[in-house]
Amino acid sequence: MTQSNRPCRDVIDDYTSIQQAVFAQVARQPHAVAIQERERKYTYSDLYQLSCTIADRLQPLAIPSEAPVGVYLQRDVRLPAALLAILSVQGAYLPLDPKHPSDRTAQILSVAQAERVITTQALAAQLPDSVDCVLVDNLAIGQRPITPVAHHSMSQLAYFIFTSGSTGVPKGVMIEQGNAMALLQWGVRQYTEANLAQVAAGTSITFDLSVFELFVPLIQGGCVHLLEDS
């Protein structure tokens, strides 16, 4: 498919949440490559199916709306899938980095009062005993039909971002879907389809630049290249 050098369309104006905008691309082009993880490629359909599988593991937990759910994963396709899964069940994702000191991770979990963390069996040992680990090892790519995502309130919490904690205990900021959508709207207007066709994502999800790197390309049908360190 030929990429345009014109600014991207404003189709994002029709959506009220990150997951709604991303999953709309799943319906448009399910077989296009959404995520490249080193030599392995995953289509938009793959990303959707993995996200739904993780959401299935969250649903029985009856997570309250806007409750923080930690994400403590390596940089592979399960990372964006987990973020979308949390948003899909009306939670707000709490980004954690396995490379950070365990004391900092424990501090953030305590301040956010997060009770559950999506992680793997190998990483779970690094987390405090007080959290409930939702393991995402050996995820299967299913074949369920693509279901349109309903509109949500723009005031719904989407994710948390914490400061570096240089003055003591890390302080968190709660980001609403409306805030995130404003960034995504700016991104698709500022950059052309050709610009967003192949985008490197090497920023830790604990930094808000990661929201641009992951979701702006995905809402425009581009491919995100997950890098361990940019």
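For the structure itself, look to the data block above.
Computed from a prediction, not measured in an experiment: that's the story for all the values here. Each chain has its residues counted from 1, running along the sequence as written. Totals for whole chains, interfaces and linings use all residues, but because this is a predicted model, local features are given only for residues with pLDDT of at least 70 and pairs of side-chain atoms are given and counted only at 80 or more. Water and hydrogen atoms play no part in the side-chain values, which are based on all heavy atoms of the structure.

**Some remarks on the packing of helix H1 (residues 18–28) against helix H7 (residues 209–219)**
No. 1: With their axes 8 Å apart at the nearest point, H1 and H7 run at an angle of 45° to one another. By the angle between their axes, H1 is oblique relative to H7. Counting all contacts with H1, which are made through Ile18, Ala21, Val22 and Gln25, the residues of H7 involved are Phe215, Leu218 and Ile219.
No. 2: Grouping the constituent residues of the contact of H1 with H7 by class yields 6 nonpolar, 1 polar and no charged. Here, axes are lines fitted to C-alpha atoms. For helices the fit covers the stretch in contact, and angles between N-to-C directions go from 0 to 180 degrees. Strands here are runs of E lasting at least two residues and helices are runs of H or I lasting at least four, both read from the DSSP assignment and numbered beginning at the N terminus. Geometric relationships in this document are graded by angle, where less than 35 degrees denotes roughly parallel, more than 145 denotes roughly antiparallel, 65 to 115 denotes roughly perpendicular, and other angles denote oblique. The contact criterion used is simple: two residues touch if any of their non-hydrogen atoms lie within 4.5 Å. Note on residue classes: Ala, Val, Leu, Ile, Met, Phe, Trp, Tyr, Cys and Pro are nonpolar, Asp, Glu, Lys and Arg are charged, and everything else, Gly too, is polar.

**Thoughts on the packing of aromatic side chains**
No. 1: Only Phe, Tyr and Trp rings take part, Trp by its six-membered ring, and two of them pair if their centres are within 6.5 Å. Stacked means planes under 30 degrees apart, edge-to-face means over 60, and tilted covers everything else. All told, the structure shown has 5 aromatic pairs when counted by the stated rule.
No. 2: Seen in terms of ring centroids, tryptophan 186 and tyrosine 191 are 5.9 Å apart; in terms of plane orientation they differ by 85°. Their pairing is edge-to-face.
No. 3: Exposure categories follow from relative accessible area, calculated using a 1.4 Å probe and restricted to protein chains: below 20% of the type maximum is buried, above 50% is exposed, and the middle band is partly exposed. Overall, the relative accessible area of 41% leaves tryptophan 186 in the partly exposed class.
No. 4: Pairing tryptophan 186 with phenylalanine 212 gives two aromatic rings, centres 6.2 Å apart and planes at 55°, and the pair type is tilted. With tryptophan 186 in helix H6 (residues 177–190) and phenylalanine 212 in helix H7, the pair connects residues that are 26 residues apart, well separated along the chain.
No. 5: Members of the aromatic cluster, joined through ring pairs, are Trp186, Tyr191 and Phe212.

**Side note on empty space enclosed by the protein**
No. 1: Points on a 1 Å grid over protein atoms alone make up a cavity when a 1.4 Å probe fits among them but cannot get out, and a pocket when they form an open set with protein on both sides within 12 Å along at least five of seven lines; lining residues each have an atom within 4 Å of a point. Grid points are joined across faces, edges and corners, and a volume is the space filled by probe spheres set on the points. This structure, assessed with the given rule, holds 2 cavities of 30 Å³ or more.
No. 2: Estimated volume of the largest cavity: approximately 40 Å³.
No. 3: If you trace the largest cavity, you find it lined by Pro95, Arg104, Ile108, Phe160, Ile161, Phe162 and Thr206.
No. 4: Of all the secondary structure elements, the ones that give two or more residues to the lining of the largest cavity are helix H4 (102–112) and strand E7 (157–162).
No. 5: With 3 residues, E7 is the single largest residue contributor to the lining of the largest cavity.

**Examining the packing of H1 against helix H2 (residues 44–58)**
Angle between the axes and distance between the axes are the two parameters that describe a pair of packed helices.
No. 1: The contact between H1 and H2 brings their axes to 8 Å, and the two run at 130°. Here H1 is positioned oblique relative to H2, judged by the angle of their axes. As for the relative orientation of H1 and H2, their crossing is left-handed in sense. Along its contact with H1, which presents Phe23, Gln25 and Val26, the element H2 presents Tyr44, Ser45, Tyr48 and Ser51.
No. 2: Residue composition of the contact of H1 with H2, by class: 4 nonpolar, 3 polar and no charged. Helix crossings fall into two classes, left-handed where the near helix is turned counterclockwise from the far one by less than a right angle and right-handed where it is turned clockwise.

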